[in-house]
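Each chain, letter by letter, is given below.
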Amino acid sequence: LAPILHIPFNGSAEDIVGQASIRTFGKSAYTEGVDGQAAVVGSSYFALPGFDPGADSFTAVIWAKVSEITGDPALISTKNWASGSNPGFALGINGTENTHANIGDGFENRVDYTFTVDRPAQTMKVSYNFGEYHTVSIPAELVNAPYEGLGALIIGQDSTGKYTYGSMTCAVDDFMLFDRALTEA
């Protein structure tokens, strides 16, 4: 099962699958990651223009190591995170061990997040460190809502690039995107 996009962040934000052109905002910095280098987000973030899951299932996987955090910044997002009811989705971090996922019309030495939207099952699942999935039902009024948000997937910021209700300094590594809902099996 191959991802449709894979950014290993080994000194650059290049998609090694070759399907996407990644834009970098701010000054890029790299540090030790889970496999080679990791990009540091906080003073910079990355955009995948044109990402549009529409009404399809998808899975996003990312390694993250947070060193500083305030508020509840978005780790990956397609939405204006200023309001949870804005269209799109966001996977955010609140504190050092709490994650939250949203859709709308102690970190040890490493942390992996898996975020899956399974349209046929009408569920959204989040896994922390490849552990047990925490599954919630997609509310009936959002089952058929498209999640394209503002037309780009952002790593390290919300889709406006201007989220002010939280900030973080975080190393991110091995971002992968799949065009289906991955299961625990």
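Residues numbered from 1 in each chain as written. Predicted model: local features only at pLDDT ≥ 70, side-chain atom pairs only at ≥ 80, totals over all residues. Heavy atoms only, no water.

Draft legend 1. Structural detail: the overall build of the protein. When helices and strands are tallied, the protein shows zero helices and 14 strands. When the helices and strands of the protein are read in sequence order from the N terminus, they spell out β-β-β-β-β-β-β-β-β-β-β-β-β-β. Counting only residues that meet the buried cut, the protein has 49% of its 185 residues in that class. As presented, the protein carries roughly 8500 Å² of accessible surface, and 47% of it is formed by carbon and sulfur atoms. (Helix = DSSP H or I, 4+ residues; strand = E, 2+ residues; numbered from the N terminus. Buried < 20%, exposed > 50% of the residue type's maximum accessible area, 1.4 Å probe, protein only. Areas by Shrake-Rupley, 256 points an atom, 1.4 Å probe, with all protein chains shown as cover.)

Draft legend 2. Structural context of the nonpolar core. Grouped together as the largest cluster of nonpolar side chains are 35 residues, with contacts concentrated most on Ile7, Phe9, Leu75, Ile155, Val172 and Phe175. When residues no more than four places from it in sequence are discounted, the contact partners of Phe9 are Tyr30, Gln37, Ala38, Ala39, Phe46, Ile155, Val172, Asp173, Asp174 and Phe175. (Core = buried A, V, L, I, M, F, W, Y, C linked by side-chain atoms within 4.5 Å. Contact = heavy atoms within 4.5 Å.)

Draft legend 3. Just the environment of Thr169, in detail. As for its placement among the helices and strands, Thr169 is situated in strand β14 (residues 166-178). Along the primary structure Thr169 and Gly156 are separated by 13 residues, whereas in three dimensions their C-alpha atoms are 8.9 Å apart. Filtering out sequence-adjacent residues up to four positions away, Thr169 remains in contact with Val40, Val41, Lys65, Val66, Ser67 and Glu68.

Draft legend 4. Quick look at the packing of aromatic side chains. In the structure shown here, the tally under the stated rule is four aromatic pairs. Seen in terms of ring centroids, Tyr163 and Tyr165 are 5.4 Å apart; in terms of plane orientation they differ by 65°. Their pairing is edge-to-face. For Tyr165, a relative accessible area of 52% corresponds to the exposed category. (Phe/Tyr/Trp six-rings, centres within 6.5 Å; stacked < 30°, edge-to-face > 60°.)

Draft legend 5. Structural view of the side chain of Asp173. Here Asp173 shows up in strand β14. Take Asp173: its relative accessible area is 0%, and that puts it in the buried class. Among the polar contacts made by the side chain of Asp173, one reaches the main-chain amide nitrogen of Asp35 at a distance of 3.2 Å. The contact partners of Asp173, leaving out residues within four places of it in the chain, are Ile7, Pro8, Phe9, Gly33, Val34, Asp35, Gln37, Ala38, Ile62 and Trp63. (Polar contact = N/O pair within 3.5 Å; in protein donor to acceptor, adjacent residues only side chain to side chain.)

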